[in-house]
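The chain contents come next:
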Amino acid sequence: MNPPSEPRRREWPIAAGLILLALVPVLAGAVRMGDLASGAPATAANARFVEMPLPIVLHILGALVYSLVGAFQFLPSLRRRRTAWHRFAGRYLLVPAGLVVAASGLWMTAFYDTPAIDDGAVAISRYGIGALMLAFIVLGVAAIARRDFFAHGAWMTRAYALAMGAGTQVLTSVPPFLVFGEPDALMRLVQMDAGWILNALVAEWVIARRRAATRRRTPATVIA
Ligand code: HEM
């Protein structure tokens, strides 16, 4: 028989892995905030952030809360045993932060003078991802309002996976950069989209496993 603490101990790698994935973009955000707070002079690389700081500041603060606090919502024991915390964090921290991350991402895509390589196809992907993330969070909130716990978890998992594309993109872009140097427009698009697509696939795999486990526990349950 397992000691009571064992399942919980085995869950911590989930949160640790998600936090590790978010680490590079979160640290990049801290550096950008330091740059803005110290009144660093505008250069070609940071002019858009200096001239219009509000969306990037909202984006970085939202991303910090969403990625770090969100990682703990995936621990089954914390979710089941600390339901008050799960609800509080979801309602007051994660839903607002998630909406802010997606909306500010869309805002910057629309109004920032981004590097030429990110205009065109990458911008179209960002519009798609931002819109899907907003929609998934709204669907997750609607599902919990009708007490459909399975659908709630599935939509929130999908939204989180898209946001965490920022972390996976570090893995899909840094190694090719080290080997091949600066990407061209097509490679940049492939690297960015690969981060989002990989995360979406992992999310669907996690959701399918959860669906199968729920069916095994309660075979009569109808789940979408
Ligand atoms: C938790 C997830 C996310 C994190 C940690 C994150 C992190 C960051 C950071 C640190 C920056 C500043 C980059 C710099 O200083 O050069 C940034 C910029 C940006 N992010 Fe995110 N982001 C996340 C999710 C998203 C999503 C879902 C979108 C989709 C719309 C998005 C769109 C953008 C855009 C358009 C910019 C501005 C890029 C530029 O002007 O070069 N981000 N993000």
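Student: Hey, could you run me through the overall build of the chain in this one?
Tutor: Looking only at helices and strands, the chain has nine helices and zero strands in total. Of the regular secondary structure in the chain, the N- to C-terminal order runs α-α-α-α-α-α-α-α-α. For the chain, the spread of C-alpha atoms along the principal axes amounts to about 60 × 35 × 35 Å. For the chain, the proportion of its 224 residues judged to be buried stands at 25%.

Student: Hey, could you run me through the nonpolar core in this one?
Tutor: Formed by 30 residues in total, the largest nonpolar core has its most connected members in Met133, Ala159, Leu162, Ala163 and Met164. Contributions of two or more residues to this core are made by helix 1 (6–37), helix 3 (53–73), helix 5 (83–111), helix 6 (121–145), helix 7 (149–163) and helix 9 (185–217). Of all the elements, helix 7 adds the most residues to this core, at eight residues. In this structure Ala159 touches Gly98, Met133, Phe136, Ile137 and Gly140, once residues within four positions along its chain are discounted.

Student: What exactly am I supposed to notice about the environment of Asp35 here?
Tutor: Along the polypeptide, Asp35 turns up in helix 1. Looking at Asp35, the number of C-beta atoms within 10 Å reads 15, which means it is partly exposed. Along the chain, Asp35 and Leu23 lie 12 residues apart, while their C-alpha atoms are 18 Å from each other. With residues up to four places along the chain from it excluded, the contact list for Asp35 reads Ala40 and Asn46.

Student: Mind showing me how you'd approach the site of the ligand here?
Tutor: As a matter of local geometry, the ligand sits amid 29 residues, with Gly29, Arg32, Ala63, Gly105 and Gly130 nearest to it. Secondary-structure elements contributing two or more residues to the shell around the ligand are helix 1, helix 3, helix 5, helix 6 and helix 7. When grouped by side-chain class, the residues that make up the shell around the ligand number 18 nonpolar, seven polar and four charged.

Student: What should I look at first to understand the environment of Ala212 in this one?
Tutor: Here Ala212 lies in helix 9. Taking the C-alpha atoms as reference, Ala212 lies 41 Å from Asp119; in sequence the two are 93 residues apart.

Student: I'm lost on helix 8 (residues 165–180) in this one. Help?
Tutor: Residue pairs three or four apart in sequence face the same way in an α-helix, which turns once every 3.6 residues. Taking 1.5 Å as the rise per residue, helix 8 with 16 residues should run 22 Å; its terminal C-alpha atoms sit 22 Å apart, in good agreement. Those residues of helix 8 that sit buried are Gly165, Ala166, Gly167, Thr168 and Gln169.

Student: Explain helix 5 here, please?
Tutor: Compared with the 42 Å implied by 1.5 Å per residue over 29 residues, the 40 Å span of helix 5 between its first and last C-alpha is a close match. Among all positions of helix 5, only Gly90, Leu94, Ala97, Gly98, Val101, Ala102, Ser104, Gly105, Met108 and Thr109 are buried. Of the surrounding elements, those touching the buried residues of helix 5 are helix 3, helix 6 and helix 7.

Student: How do you make sense of unusual backbone geometry when you look at a structure like this?
Tutor: Both trends apply: most residues other than glycine have a negative phi, and most peptide bonds are in trans. For Arg147, which is not glycine, the phi torsion reads 60° and is therefore positive. You can see Arg147 is positioned in the loop between helix 6 and helix 7. On the basis of neighbour counts, which here come to 8 C-beta atoms within 10 Å, the residue Arg147 falls in the exposed class.

Analysis parameters
Residues numbered from 1 in each chain as written. Predicted model: local features only at pLDDT ≥ 70, side-chain atom pairs only at ≥ 80, totals over all residues. Helix = DSSP H or I, 4+ residues; strand = E, 2+ residues; numbered from the N terminus. Buried ≥ 20, exposed ≤ 12 C-beta atoms within 10 Å, placed from the backbone. Core = buried A, V, L, I, M, F, W, Y, C linked by C-beta atoms within 7 Å. Contact = placed C-beta atoms within 7 Å. Near = placed C-beta within 6 Å. Nonpolar A, V, L, I, M, F, W, Y, C, P; charged D, E, K, R; others polar. Expected span 1.5 Å × (residues − 1).

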